[in-house]
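Each chain is listed here by its residues.
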Amino acid sequence: METTALNSQKELSACKDKEDCQENGVLQQGVPVPEDKVESGQISSGYSAVPSPGAGDDPQHSIPAATTALVAEVHQGEREAWGKKMDFLLSVIGYAVDLGNVWRFPYICYQNGGGIGYAICIIAFYIASYYNTIMAWALYYLISSFTDQLPWTSCKNSWNTGNCTNYFSGDNITWTPHSTSPAEEFYMRHVLQLHRSNGLQDLGGISWQLTLCIMLIFVVIYFSIWKGVKTSGKVVWVTATFPYIILSVLLVRGATLPGAWRGVLFYLKPNWQKLLETGVWVDAAAQIFFSLGPGFGVLLAFASYNKFNNNCYQDALVTSVVNCMTSFVSGFVIFTVLGYMAEMRNEDVSEVAKDAGPSLLFITYAEAIANMPASTFFAIIFFLMLITLGLDSTFAGLEGVITAVLDEFPHIWSKRREWFVLCVVITCFFGSLVTLTFGGAYVVKLLEEYATGPAVLTVALIEAVAVYWFYGITQFCSDVKEMLGFSPGWFWRICWVAISPLFLLFIICSFLMSPPQLRLFQYNYPQWSIILGYCIGTSSFICIPTYITYRLVTTPGTFKERIIRGITPETATEIPYGDIHLNAI
């Protein structure tokens, strides 16, 4: 299929503004096209116009070059674009730098020293079902912080038990194995209300306080993305930069606390024996993978709004460096405070840092903040930072789903984006209700471990195999050269073809051979919950074999011909649009 050259502005002048012209049986309306928008043989975003099959042979269906350029340019005009390059870069950085950089990375340091598109959408829904719940917790803490005395500093509240021990009170307090801190009881008994649930088999009712919090979160999300990247690109100027200001403030404050050096020493002192453990490498790979977020479809969605020759290579390097440096700095922010807590409790840092996941933020760090001077101020900015970190990633995750659907069904949703976004947000809200129950924290832990992790790794592995093995590394590098002007070197080719797929396969096999035994606080997950977790994880990428089966059944020819045709990449990805096809270069 050959590419038809697009004529210049001079050739388009035959059709004046607001005049109808007819040429070779094709009716067209004159549309002024700026000279800098149409170049010979290529449309600005990398689409070239090609005639539909048989059009060049049949004079009744032949298309003048001017008509081709006109229709193609009108279609391209409907595609959104970033207002500024920094809008895109901040959105990607905001997506990569999220809550995981603040709690998952420090915790990992402590612990160790076709069908694909549908699968991504389902995974994104699972993530939205629990990720926004964590932001709802942070919002509840933020609202509770607007008081003279933070509510998690006292043992005299209605939710406290006899085991509540406030060792910051100044009295001669003895910390026993049965003691619980005011921050722990505030989180578990007041915010989560776990004591009103018996586990996964009896989640209890829905917390109306958290329901109101997550409704407010979704309202903010909706009005940030309902108009597309034009609005979300402006919002990230606040949500992506504000956390760095707060991290700087908290880092300075943490470094001045007594005992902070103990936390820093624990953070930086390597345990060389750990390097011999397979789990360390699996955790490290999983952390950087989930932090940068390849395989979620978000980066593809964001990049689709860029110009065709945007330097994605430079963007990838900048985002990766900023993300890793943020994780490294966040470790200092967390561990200086953990050192302070260890000093106050007269314990080792390892004992203080044993809280896993969000508990590290909502119990340990919250308790440390509550006992600092100007605690109310630091509590407000800290939990506001957590919310902005989460919003960035939620914007990105939902935008990946929205962009995929709008591009797949433009004739249905292209003019109804606001309504479609509303449907997506409402669906995610109802999907979150199970995590808002009194036992919702148990569901969050299950979804976090099983519903997203292995599924995303599997999808990314299939993506890598499809692109670099079947589409071909040579063709892929040729496409990159077409965009950037240079071809990737051998290092990148070896990584794409061999190292990355094999490493992903290694991580997946490690997970399958030794699935995590889930435990949250004093609750041990039943054995059937592991089976449930596998079922939830499988439900997302089951779309891939289902679609493969569908294509094999509907493709004509013998079984061998169907297999060969199914794994052979199409030479041109054609997007039908009226009497022309847009050929994605």
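Along each chain, residue indices are assigned from 1 in the same order as the chain's sequence is written. Since the coordinates come from a predicted model, pLDDT governs what is reported: local features require at least 70, and pairs of side-chain atoms require 80 or more to be given and counted, while whole-chain, interface and lining totals use all residues. No hydrogens and no water enter the side-chain calculation; it runs on all heavy atoms of the structure.

Student: How should I be thinking about the overall build of the chain in this particular structure?
Tutor: Think of it this way: any DSSP run of H or I at least four residues long counts as a helix, any run of E at least two long counts as a strand, and we number them from the N terminus. The helix and strand tally for the chain stands at 23 helices and 9 strands. Across the 585 residues in the chain, those meeting the buried criterion constitute 49%. Any residue under 20% of the maximum accessible area for its type is buried, any over 50% is exposed, and the rest in between are partly exposed; the area is computed with a 1.4 Å probe on protein chains only.

Student: Mind showing me how you'd approach the state of the cysteines here?
Tutor: Simply put, the disulfide is a covalent bond whose two ends are the sulfur atoms of two cysteines. Cysteine sulfur atoms that pair up within 2.5 Å are treated as a disulfide. One pass over the full model with this rule turns up 1 disulfide. Bridging C155 to C164, the disulfide has an S-S length of 2.0 Å. Here C155 and C164 share a disulfide; its torsion about the S-S bond, -75°, makes the bridge left-handed. In this structure C155 comes out as partly exposed when scored by relative accessible area, which is 26%. Judged by its relative accessible area of 12%, C164 is buried.

Student: What am I meant to see in the packing of aromatic side chains here?
Tutor: Planes of paired rings set the category: under 30 degrees apart is stacked, over 60 is edge-to-face and the rest tilted, where pairs are Phe, Tyr or Trp rings (Trp by its six-membered ring) whose centres lie within 6.5 Å. Per the stated rule, a full pass over the model turns up 36 aromatic pairs. Here the aromatic rings of Y468 and W496 are separated by 5.6 Å at their centres, their planes lie at 5°, and the arrangement is stacked. With Y468 in helix α19 (residues 440-484) and W496 in helix α20 (residues 490-513), this pair connects stretches of sequence that are 28 residues apart. Both residues of the pair, Y468 and W496, count as buried.

Student: What is the right way to look at the nonpolar core in this model?
Tutor: Looking at soluble globular proteins, one finds that nonpolar side chains tend to be buried together. Joining through side-chain atoms within 4.5 Å is the link that ties buried Ala, Val, Leu, Ile, Met, Phe, Trp, Tyr and Cys residues into a set, and such a set is a nonpolar core. Counting 99 residues, the largest nonpolar core has W137, Y141, W152, F362, F382 and F383 as its most contacted members. Of all the elements, helix α16 (residues 375-408) adds the most residues to this core, at 16 residues. Contact definition: two residues touch when any of their heavy atoms are within 4.5 Å. Each residue touching Y141, except ones within four places of it in the same chain, is listed here: W152, A183, F186, Y187, V191, F362, A366 and F383. Ranked by size, the runner-up nonpolar core spans 23 residues in total, among them I123, I127, L457 and L461.

Student: In this structure, what is going on with the packing of helix α5 (residues 115-144) against α19? I would like to understand it.
Tutor: The description of two helices packed together rests on the angle between their axes and the distance between the axes. Between N-to-C directions, angles cover 0 to 180 degrees, with each direction set by a line fitted to C-alpha atoms, over the stretch in contact for helices. Where α5 meets α19, the axes come as close as 10 Å, and the angle between the chain directions of the two elements is 150°. When the axes of α5 and α19 are compared, the pair comes out roughly antiparallel. The two elements α5 and α19 meet at a crossing, and its hand is left-handed. Where α5 approaches α19, its residues I116, A119, I120, I123, Y126, I127, Y130, T133, I134 and W137 are matched on the opposing element by A441, V444, L447, E448, A451, T452, A455, V456, V459, I462 and E463. Counted by class, the contact of α5 with α19 contains 17 nonpolar, 2 polar and 2 charged residues. An angle counts as roughly parallel when it lies under 35 degrees, as roughly antiparallel when it exceeds 145, as roughly perpendicular when it falls between 65 and 115, and as oblique in every other case. What makes a crossing left-handed is the near helix being turned counterclockwise from the far one by less than a right angle; a clockwise turn instead makes it right-handed. Amino acids are sorted into nonpolar (Ala, Val, Leu, Ile, Met, Phe, Trp, Tyr, Cys and Pro), charged (Asp, Glu, Lys and Arg) and polar (every other residue, Gly among them).

Student: It is not clear to me how the pattern of salt bridges should be interpreted in this structure. Could you clarify?
Tutor: It is possible for side chains bearing opposite charge to pair when their charged atoms get close. Every case where a carboxyl oxygen of Asp or Glu lies within 4 Å of a side-chain nitrogen of Lys or Arg is listed as a salt bridge. Scanning the model with the defined rule gives 2 salt bridges in all. Notably, a salt bridge pairs E343 with R262, separated by 3.2 Å at the nearest N-O pair. Separated by 81 residues along the polypeptide, E343 in helix α13 (residues 312-345) and R262 in helix α10 (residues 260-268) bring together distant segments of the chain. Judged by its relative accessible area of 34%, E343 falls in the partly exposed class. Ionic pairing is found between E449 and K445, a salt bridge with its closest N-O pair at 3.6 Å.

Student: What's the story with unusual backbone geometry in this structure? I'm lost.
Tutor: Negative phi values dominate among residues other than glycine, just as trans dominates among peptide bonds. For A374, which is not glycine, the phi dihedral falls at a positive 60°. Of note, A374 is situated in the loop between α15 (359-370) and α16. Positive phi, close to 55°, is recorded for F521, a residue that is not glycine. Of note, F521 is situated in the loop between β6 (519-520) and β7 (523-524).

Student: I tried to follow the packing of α5 against helix α6 (residues 182-191) on my own but got confused; where do I start?
Tutor: Across the interface, α5 lies against α6 with an axial gap of 12 Å and an inter-helix angle of 115°. Judged by the twist between their axes, the crossing of α5 over α6 is right-handed. Along the contact surface, α5 presents W137, Y140, Y141 and S144, while α6 presents A183, F186, Y187, H190 and V191. The residue makeup of the contact of α5 with α6, split by class, is 7 nonpolar, 2 polar and no charged.

Student: Help me out: how do you make sense of the side chain of T388 in this one?
Tutor: Structurally, T388 is set in helix α16. Once residues within four sequence positions are removed from consideration, T388 is found in contact with T239, F242 and P243.

Student: Sorry if this is basic, but what is going on with a nonpolar patch on the surface here?
Tutor: A contiguous nonpolar patch, built from W272, L275, W281, F503 and F506 and spanning about 560 Å² of accessible area, is present on the exposed surface. Along the chain, W272 falls in the loop between α10 and α11 (278-292). A residue counts toward a patch only above 30% relative accessible area and without a salt bridge, and it is joined to like-charged neighbours within 9 Å or, for Val, Leu, Ile, Met, Phe, Trp and Tyr, to nonpolar neighbours within 5 Å. Computed with a 1.4 Å probe, the accessible areas rest on the Shrake-Rupley method; for each residue, only the protein chains presented here act as cover.

Student: What is the right way to read α5 from this model?
Tutor: Since the α-helix advances by 3.6 residues per turn, residues separated by three or four positions end up pointing in the same direction. Helix span, expected: 1.5 Å multiplied by one less than the number of residues in the helix. Between the first and last C-alpha of α5 there are 44 Å, a value that for 30 residues agrees with the 44 Å anticipated at 1.5 Å per step. The reported bend at a residue is simply the angle between two axes, fitted to the 7 residues ending at it and to the 7 residues beginning with it. The largest bend in α5 amounts to roughly 30° and is located at A128.

Student: Got a minute to help me understand the confidence of the model for the chain in this structure?
Tutor: A low pLDDT score tells you not to read the predicted coordinates there in detail. Residue-level confidence of the predictor is what pLDDT reports, using numbers from 0 through 100. Across the chain, the average pLDDT comes to 74, with 74% of residues at or above 70. A low-confidence stretch, residues 1-77 stays under pLDDT 50, and its non-local contacts, those more than four residues away or across chains, total 117 contacts. Confidence over residues 572-585 falls short of pLDDT 50; this stretch has 44 contacts with residues more than four positions distant or in other chains.

Student: Is there a simple way to explain α16 in this structure?
Tutor: For α16, with 34 residues, the first-to-last C-alpha span of 50 Å sits near the 50 Å given by 1.5 Å per residue. Burial runs high along α16: 28 of the 34 residues are buried.

Student: I'm lost on the side chain of S181 in this one. Help?
Tutor: With respect to the helices and strands, S181 occurs in the loop between α5 and α6. Within polar-contact distance, the side chain of S181 engages the backbone nitrogen of E184 at 3.1 Å. Here a polar contact means two N or O atoms within 3.5 Å. Within protein one must be a hydrogen donor candidate and the other an acceptor candidate, and residues neighboring in sequence count only if both atoms are side-chain atoms.

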